[in-house]
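Structural overview
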Amino acid sequence: MGAHTFFTRASGRDAKSAFQNAVEDAQYHHGRAGYTGTIAEKTSFTEIPVEEVGDADPDDYASQLIREQDPRIDSKWGPAGCIHLGDNTYLFFGWASA
């Protein structure tokens, strides 16, 4: 099996609830059978500090971390990346089994 990158925005009172909302939504739309190539395959996430992202566009920064194979998010079996966008909205990204 392979892997696909994903970028998913979700809202919640905090990153944990936003992650759960994103996973449940992806499971609803893509199923629970595994290998969807979406955030539905993830069980955890790693928050990227807002200070690290700085003034960069969050989507561009997430893409850069994927391209550079940042070890925090470089496994289809490991955690998703998470960037807080403000207003209880989060960007989750990374590799997922497909």
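What you are looking at is a predicted structure, and each value in this text was computed from that prediction instead of being measured. (Residues numbered from 1 in each chain as written. Predicted model: local features only at pLDDT ≥ 70, side-chain atom pairs only at ≥ 80, totals over all residues. Heavy atoms only, no water.)

A word on the pairing of strand β4 (residues 89–97). Within β4, seven of the nine residues are buried, which leaves the element mostly enclosed by the surrounding structure. Summarising the sheet, strand β1 (residues 3–11) and β4 pair through nine bridges and their orientation is antiparallel. Looking at β4, one finds that Ser 11 is bridged to Thr 89. The pairing of strand β3 (residues 80–86) with β4 spans five bridges and is classified as antiparallel. Its bridge partner being in β4, His 84 is matched across the sheet by Tyr 90. (Buried < 20%, exposed > 50% of the residue type's maximum accessible area, 1.4 Å probe, protein only. Helix = DSSP H or I, 4+ residues; strand = E, 2+ residues; numbered from the N terminus. Pairing = 2+ DSSP bridges.)

Turning to the packing of aromatic side chains, a few remarks are in order. With the rule as written, the count across this model stands at five aromatic pairs. Centre to centre, the rings of Phe 19 and Phe 45 are 5.1 Å apart; their planes meet at 45°, and the pair counts as tilted. Of this pair, Phe 19 sits in helix α1 (residues 15–30) while Phe 45 sits in strand β2 (residues 45–47); the two residues are 26 residues apart in sequence, bridging distant segments of the chain. In this structure Phe 45 comes out as partly exposed when scored by relative accessible area, which is 23%. (Phe/Tyr/Trp six-rings, centres within 6.5 Å; stacked < 30°, edge-to-face > 60°.)

With that settled, the discussion passes to α1. In a regular helix each residue adds 1.5 Å, so 16 residues correspond to 22 Å; α1 covers 22 Å between its end C-alpha atoms and thus fits that length. Three or more residues of α1 are buried, namely Ala 15, Ser 17, Ala 18, Phe 19, Ala 22, Val 23, Ala 26 and Gln 27. Buried residues along α1 sit against β1, β2, β3 and β4. By the N-cap criterion, in which a side-chain oxygen at the helix start approaches the backbone nitrogen of a residue two or three places on, α1 is capped by Asp 14, the distance to Lys 16 being 3.3 Å. A positive phi of about 90° marks Gly 31, the residue just after α1. (Expected span 1.5 Å × (residues − 1). Contact = heavy atoms within 4.5 Å. Polar contact = N/O pair within 3.5 Å; in protein donor to acceptor, adjacent residues only side chain to side chain.)

The subject of this paragraph is the sheet that holds β1. Read across the open sheet, the four strands follow the order β1-β4-β3-β2; overall the sheet is mixed. The sheet terminates laterally at β1 and β2, the two strands that pair on one side only. The average angle at which neighbouring strand axes cross in this sheet is 25°, direction not considered. Contacting β1, β2, β3 and β4, α1 crosses the sheet at an angle of about 50° to β4. Relative to β4, helix α3 (residues 58–67) is tilted by about 25°, and along the sheet it contacts β1, β3 and β4. (Axes fitted to C-alpha atoms, helices over the stretch in contact; angles between N-to-C directions.)

None of the figures reported here should be taken as evidence of function without further support.
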